[in-house]
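One letter stands for each residue in the lines below.
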Amino acid sequence: MKGSCLCGKCVFDLKGEIDAVGKCHCSKCRKVSGTGSNAVHSAKPENLAWLSGEASIKTYVMPDGWRSTFCNDCGSPLPMLIENGALWIVPAGLLDEDPGVNIKGHIWTGDRPSWDVIDDTAVQFLQGPPGVG
Ligand SMILES: [Zn+2]
Ligand SMILES: [Zn+2]
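Procedures and definitions
Residues numbered from 1 in each chain as written. Chains lettered and ligands numbered in written order. Predicted model: local features only at pLDDT ≥ 70, side-chain atom pairs only at ≥ 80, totals over all residues. Heavy atoms only, no water. Helix = DSSP H or I, 4+ residues; strand = E, 2+ residues; numbered from the N terminus. Buried < 20%, exposed > 50% of the residue type's maximum accessible area, 1.4 Å probe, protein only. Pairing = 2+ DSSP bridges. Donors = N, O, S within 2.8 Å, 3.2 Å for Na, K, Ca; no water. Tetrahedral: all angles 85-135°; square planar, octahedral: opposite > 155°, others 65-115°. Phe/Tyr/Trp six-rings, centres within 6.5 Å; stacked < 30°, edge-to-face > 60°.

1. Description of unusual backbone geometry
Consideration 1: One non-glycine residue, W108, adopts positive backbone phi at about 55°.
Consideration 2: Along the chain, the position of W108 falls in the loop between β10 (103-107) and β11 (123-124).
Consideration 3: Looking at W108, the relative accessible area reads 29%, which means it is partly exposed.

2. Looking at the pairing of strand β9 (residues 88-91)
Consideration 1: Bridge analysis of strand β4 (residues 38-43) against β9 gives four bridges, and the strand direction is antiparallel. Note on β9: the bridge partner recorded for A43 is W88.
Consideration 2: The pairing of strand β8 (residues 80-81) with β9 spans two bridges and is antiparallel. Looking at the pairing, M80 lines up with I89 of β9.

3. Section: the coordination of the zinc ion (ligand 1)
Consideration 1: Binding of the zinc ion (ligand 1) to the protein goes through C5 (SG), C7 (SG), C71 (SG) and C74 (SG), at separations of 2.3 to 2.4 Å.
Consideration 2: Geometry at the zinc ion (ligand 1) is tetrahedral, judged from its four donor atoms and the angles of 103 to 113° they form at the metal.
Consideration 3: Along the chain, the residues that donate to the zinc ion (ligand 1) are spaced as C-x1-C-x63-C-x2-C. Pair noted here: C7 is in the loop between β1 (2-4) and β2 (11-14) and C74 is in the loop between β7 (67-71) and β8, with a separation of 67 residues, a long-range link.
Consideration 4: The partly exposed category is assigned to C7, whose relative accessible area is 38%.
Consideration 5: Looking at C74, the relative accessible area reads 25%, which means it is partly exposed.

4. Describing the packing of aromatic side chains
Consideration 1: Scanning the entire structure with this criterion turns up two aromatic pairs.
Consideration 2: Plain terms: the ring middles of F12 and W50 are 5.7 Å apart, the flat faces sit at 75° to each other, and that makes the pair edge-to-face. On the criterion of sequence distance, the pair formed by F12 in strand β2 and W50 in strand β5 (residues 48-52) is long-range, its members being 38 residues apart.
Consideration 3: For F12, a relative accessible area of 0% gives the class buried.
Consideration 4: Residue class for W50 comes out buried when judged on its relative accessible area of 18%.
Consideration 5: Seen in terms of ring centroids, W50 and W88 are 6.4 Å apart; in terms of plane orientation they differ by 75°. Their pairing is edge-to-face. Of this pair, W50 sits in strand β5 while W88 sits in strand β9, placing them 38 residues apart in sequence. For the pair W50 and W88, a shared accessibility class is recorded, and that class is buried.
Consideration 6: Members of the aromatic cluster, each reached through a chain of ring pairs, are F12, W50 and W88.

Okay, here's the thing in structure tokens:
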């Protein structure tokens, strides 16, 4: 399945089974997305390939090392390999078709503002997922 940014310069191919969406409600994801949470798929390193636009990919790194990758032309968030290279984090809204999956869980729900309402029954963690971070 293909995914792309708003301006269409950055295009990638996501192979294999597409996993359910994880939503992060932390304050950084809220800022970077401009909304209540970041909705992402994860993918194995070999399952994502850039088809175009790699020259437009920019990464912002916070002083604490937290990173956000985005299209330098339109500002859309883009897939990012986690630090140890073991996993792609793929913004769910970039996919060009509906992958037909559900939400698998929510993290950092303790950081939510009142207007960020969770209306599904997926598992919730007040902070990061167990065993991470
Ligand atoms: Zn773009
Ligand atoms: Zn987050």
